[in-house]
Amino acid sequence: MTTLTAPPARLAASPRRRRRFGSQGSDYARIGLWIALVVTLIIWCLPLVFIIFTSLKTEPQILGEPVFSLPTTPDFGNYAQAVQDGNLWQVGTNSLIIALIKVPVGLAISAAAAFALARIRFRRHRLVLAAIAIGSMVPIQAVIAPLFQIINGAGLLSTDIGVILPYIGFGLPYQTFILYGFFRQIPDELDESARMDGASYFRLFWQIILPLSRPALAALFILDFVATWNEYGMALVLLQDQGSWTVPLAIQGFTSQFTSSYGPINAFTIMTMLPVLIVYLLFQRYFVSGAFAGSVKG
Amino acid sequence: MTTSTPAPRRRRARRSLFLRALPFLAPALVAYVVFVIAPMVESIRLSFFSWNGFQGVPQEFVGIDNYVKIFTEDPVFWRAFGNSVIWVVLSLIFPLGISLLLAVALNRKLFGRNLFRSVFYIPGVLASIAVANMWRWIYNPNYGIGQSLGKALDLPWLADVQWLGDQNIALYSVFVAFIWQSVGTNMVLFLAGLQGVQKEHLEAARIDGANAWQVFRNVTLPALRPTMVVVTVLTFIGSIKVFDLIVGMTNGGPAQQTQVLALWSYTQSLVNHQYGTGNAIAVVLLVITFAIVIPYMAWNARQEDR
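The rules behind each value
- Residues numbered from 1 in each chain as written.
- Chains lettered and ligands numbered in written order.
- Predicted model: local features only at pLDDT ≥ 70, side-chain atom pairs only at ≥ 80, totals over all residues.
- Helix = DSSP H or I, 4+ residues; strand = E, 2+ residues; numbered from the N terminus.
- Rg over C-alpha atoms; globule rule 2.2 N^0.38 Å.
- Buried ≥ 20, exposed ≤ 12 C-beta atoms within 10 Å, placed from the backbone.
- Contact = placed C-beta atoms within 7 Å.
- Domains from an automatic or database assignment.
- Nonpolar A, V, L, I, M, F, W, Y, C, P; charged D, E, K, R; others polar.
- pLDDT = per-residue confidence, 0-100.
- Axes fitted to C-alpha atoms, helices over the stretch in contact; angles between N-to-C directions.
- Parallel < 35°, antiparallel > 145°, perpendicular 65-115°, else oblique.
- Core = buried A, V, L, I, M, F, W, Y, C linked by C-beta atoms within 7 Å.
- Expected span 1.5 Å × (residues − 1).

**Things to note about the overall build of chain B**
Phase 1 of the analysis: Along the backbone of chain B there are 14 helices and two strands.
Phase 2 of the analysis: Relative to the globule expectation of 19 Å for 306 residues, the C-alpha radius of gyration of chain B, 25 Å, shows a markedly less compact shape.
Phase 3 of the analysis: In terms of principal-axis extent, the alpha carbons of chain B reach across some 85 × 75 × 30 Å.
Phase 4 of the analysis: In chain B, which comprises 306 residues, the share counted as buried stands at 42%.
Phase 5 of the analysis: Residue pairs in contact within chain B that sit at least 24 positions apart in sequence constitute 67% of those at least 6 positions apart.

Right, dumping it as structure tokens:
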């Protein structure tokens, strides 16, 4: 079966690989298909194109011209205003700090648990795995009210740690499940020979299992970074002070505060999208391999 | 390994194995129990109490009153329930169908294939709340796409459409944004699944004279079955808890016509301070989710036993 071990480049499709797949059928059908795809592609780009256009127009242009008219004299005033009004640097820093703590710590905790479940295989490890994995299905809104009470009771409302801890709790079921599947595929002989040489479980984990799992860990890191950066539902409840807001809260706050400043609103939205877009473009192959893992192990 | 040792010793060995696994397992178990399991249990408990959520204010046990209330006295609950069902059903048809079509098309060698894949995937990495705000601008009744197109094509009715303000279409307008956002992710999952289709089988079917549709129906689709189950369940889980998009575009309005279970539960507990009914709705949401998910987990476990 295809898993993370497959080179991620497989999906990103090397044109060199000769494939007869679908090469039958007339050229007209192929051209027709291609045109249909191009039309779909254009439709898919339009929403982004519209908001980029809007963000580059002045207010009279926005109110007077159609959304699809080209901003003939691009105006970056909206961006400058959005950075200032939306406190972009502060919310960006908040989001970055939260993601850069949550993602590695959460991944380390999940990897350790997956190692215990996949490689030590104590009695009923499958039951423990199932109990953990089921947590990945719990809708956040189904537990958000008690979670608010827990964090509030601990005095952690509107703090980074108060949102990082629940993020870790909610992130680990999926990550543990995926890593369990990955660790299981590493041959047992490796463990046995290492144990025979007197290696502790910790060394086995740290020096053999983790280095061998680098592709899976990298994919989960990237996917989790994006998910953490984008998270809204929990942050909405747990980060009440405006000073503690993350990027998604700031987008929503910006829109409700400056209801009709369409230029700055769209400029702000675009700027908040840039970090994940850059991460996506740099690490595209990990999104694909992450999908591989997801499609096989759920 | 332990498999060759007699049973009693193996059992002892396995128990000591658990103790040795514990240091690795403990951080995850603690975080999981404190932040997922405990709130879930508390949610169930609170659904049998009447409480306004303020610490120090006593919680009053009311039995199943909250459930009776949401099922019989709360019209918004049924609106939210109905909308969640509509949302799930539509999600299982449209984004899924479109992404399957795109995956099959883009599994071929085509000029610009990687560009196609990237562009369709990109909306999936954006924050739902950002997507919601984008589309709210696009749907703006005065300056949005309807108005612009209506003027350009001289179609006054198009310019007058209240995309998010009209009770009859608001939910579907929001859903369009959801299609735009979610197609790419599913497409990549399907593309991954298509790698598992044996080329020999496709060739054999063609040599036997099967046409493109027959090949797809009889070779590709059956081979995609495991992927299909995964995508279906992920779509279900994602759509039953839809929240960000609705909050960002309509906040449940107009007149609660785009209300959904996740948002109504949140609103009752944390906005209206009705923790009892809010958590009763949360429990309904949990029960629906698990009723679908647990059979899936069983299926997945069977696959692994194989």
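Further notes follow.
**A short note on the overall build of chain A**
Phase 1 of the analysis: When helices and strands are counted, chain A shows 14 helices and zero strands.
Phase 2 of the analysis: Written out in order from the N terminus, the α and β elements of chain A read α-α-α-α-α-α-α-α-α-α-α-α-α-α.
Phase 3 of the analysis: A total of 298 residues make up chain A; the buried ones form 48% of that total.
Phase 4 of the analysis: Long-range contacts, defined here as pairs at least 24 residues apart, represent 80% of the contacts in chain A between residues at least 6 apart.

**A word on the domain arrangement of chain A**
All names here are of chain A.
Phase 1 of the analysis: You can read the domains of chain A as domain 1 (21-75) and domain 2 (83-297).
Phase 2 of the analysis: Each of domain 1 and domain 2 was reduced to a C-alpha centroid, and the two centroids are 33 Å apart.
Phase 3 of the analysis: Those elements giving two or more residues to the side of domain 1 that touches domain 2 turn out to be helix H1 (27-55) and helix H2 (59-64).
Phase 4 of the analysis: In terms of residues, the side of domain 1 that touches domain 2 owes the most to one element, H1, which gives four residues.
Phase 5 of the analysis: Of the residues assigned to the side of domain 1 that touches domain 2, the class counts are three nonpolar, two polar and two charged.

**Things to note about the interface of chain B and chain A**
Phase 1 of the analysis: Listed by partner, the interface residues are 85 residues for chain B and 86 residues for chain A.
Phase 2 of the analysis: Looking at the side of chain B that touches chain A, the element that brings in the most residues is helix H1 (residues 7-46) of chain B, giving 20 residues.
Phase 3 of the analysis: A breakdown of the residues in the side of chain B that touches chain A according to their chemical character gives 54 nonpolar, 19 polar and twelve charged.

**A look at the confidence of the model for chain B**
All names here are of chain B.
Phase 1 of the analysis: Mean pLDDT for chain B: 89, with 93% of residues reaching 70 or above.
Phase 2 of the analysis: When pLDDT is averaged over each element of chain B, helix H13 (residues 261-271) comes out on top at 96 and helix H14 (residues 275-305) at the bottom at 84.
Phase 3 of the analysis: Scored below 50 in pLDDT, residues 1-5 makes four contacts in the model with residues more than four places away or belonging to other chains.
Phase 4 of the analysis: Interface confidence for the predicted complex, expressed as ipTM, amounts to 0.89; the pTM equals 0.89.

**Looking at unusual backbone geometry**
All names here are of chain B.
Phase 1 of the analysis: At the junction of Gly 253 and Pro 254, the peptide bond is cis and its omega measures out at -5° in the coordinates.
Phase 2 of the analysis: You can see Pro 254 is positioned in the loop between helix H12 (244-249) and H13.
Phase 3 of the analysis: Despite not being glycine, Gln 256 has its phi angle at roughly 65°, a positive value.
Phase 4 of the analysis: Take Gln 256: it is sitting in the loop between H12 and H13.
Phase 5 of the analysis: On the basis of neighbour counts, which here come to 19 C-beta atoms within 10 Å, the residue Gln 256 falls in the partly exposed class.
Phase 6 of the analysis: Positive phi, close to 55°, is recorded for His 273, a residue that is not glycine.
Phase 7 of the analysis: Examined against the element boundaries, His 273 turns out to sit in the loop between H13 and H14.

**Some remarks on the environment of Ala112(A)**
Phase 1 of the analysis: Along the chain, the position of Ala112(A) falls in helix H4 (residues 88-120).
Phase 2 of the analysis: When the C-alpha atoms of Ala112(A) and Ser261(A) are compared, they prove to be 48 Å apart, with 149 residues separating the residues in sequence.
Phase 3 of the analysis: Those residues within four positions of Ala112(A) in sequence are excluded, and the remaining contacts are Phe24(B), Pro27(B) and Ala28(B).

**So, the packing of H4(A) against helix H9 (residues 201-212) of chain A**
Residue and element names in this part refer to chain A.
Phase 1 of the analysis: The geometry of H4 relative to H9 is characterised by a closest axis approach of 11 Å and an angle of 100° between their N-to-C directions. Taken together, H4 and H9 sit at an angle that is classed as roughly perpendicular. Residue-level contacts link Ala 111, Phe 115, Arg 119 and Ile 120 of H4 to Tyr 201, Phe 205, Ile 209 and Leu 210 of H9.
Phase 2 of the analysis: Per-class residue counts for the contact of H4 with H9 are seven nonpolar, no polar and one charged.

**Some remarks on the confidence of the model for chain A**
Phase 1 of the analysis: Summing up the model confidence of chain A, the mean pLDDT is 86 and the portion of residues at 70 or higher is 88%.
Phase 2 of the analysis: For residues 1-24 of chain A, every residue scores under 50 in pLDDT, and the model assigns this stretch 45 contacts once sequence neighbours within four places are set aside.

**With respect to the nonpolar core**
Phase 1 of the analysis: Counting residues in hydrophobic clusters, the biggest one holds 167 residues, and the most contacted among them are Ala113(A) and Phe115(A).
Phase 2 of the analysis: Three or more residues apiece are contributed to this core by two domains, here domain 1 (21-75) and domain 2 (83-297) of chain A.
Phase 3 of the analysis: With near-sequence residues (within four places) excluded, Ala113(A) lies in contact with Leu172(A), Thr176(A), Phe24(B), Leu25(B) and Ala28(B).

**Some words on helix H5 (residues 128-138) of chain B**
Phase 1 of the analysis: Here H5(B) lies mainly inside the structure; eleven of its eleven residues are buried.
Phase 2 of the analysis: Turning to H5(B), its buried residues number three or more, namely Ser128(B), Ile129(B), Ala130(B), Val131(B), Ala132(B), Asn133(B), Met134(B), Trp135(B), Arg136(B), Trp137(B) and Ile138(B).

**Some points on the environment of Phe175(B)**
All names here are of chain B.
Phase 1 of the analysis: On the secondary structure map, Phe 175 appears in helix H8 (residues 170-194).
Phase 2 of the analysis: For Phe 175, a count of 21 C-beta atoms within 10 Å corresponds to the buried category.
Phase 3 of the analysis: With 22 residues separating them along the chain, Phe 175 and Val 197 place their C-alpha atoms 32 Å apart.
Phase 4 of the analysis: Once residues within four sequence positions are removed from consideration, Phe 175 is found in contact with Trp 87 and Leu 90.

**Re the environment of Gln181(B)**
All names here are of chain B.
Phase 1 of the analysis: The topology assignment puts Gln 181 in helix H8.
Phase 2 of the analysis: Classification of Gln 181 as buried rests on a count of 25 C-beta atoms within 10 Å.
Phase 3 of the analysis: Separated by 86 residues in the primary sequence, Gln 181 and Pro 95 place their C-alpha atoms 9.0 Å from one another.
Phase 4 of the analysis: Setting aside chain neighbours within four positions, we find Gln 181 in contact with Pro 123, Gly 124, Ser 128 and Val 131.

**Brief notes about helix H11 (residues 225-240) of chain B**
Residues spaced three or four apart along an α-helix point in a common direction, a consequence of the helix completing one turn every 3.6 residues.
Phase 1 of the analysis: Given a rise of 1.5 Å per residue, 16 residues ought to cover 22 Å, and the 22 Å separating the end C-alpha atoms of H11(B) matches this to within 8%.
Phase 2 of the analysis: If you check which residues of H11(B) are buried, you get Thr227(B), Val230(B), Val231(B), Thr235(B), Ser239(B) and Ile240(B).

**What to know about the packing of H1(A) against H5(B)**
Phase 1 of the analysis: Two numbers describe how H1(A) lies on H5(B): the axes approach to 10 Å, and their chain directions differ by 75°. For the element pair H1(A) / H5(B), the angle class is roughly perpendicular. Across from Pro47(A), Phe50(A), Ile51(A) and Thr54(A) in H1(A), the residues of H5(B) making contact are Met134(B), Trp135(B), Trp137(B) and Ile138(B).
Phase 2 of the analysis: Classifying every residue of the contact of H1(A) with H5(B) gives seven nonpolar, one polar and no charged.

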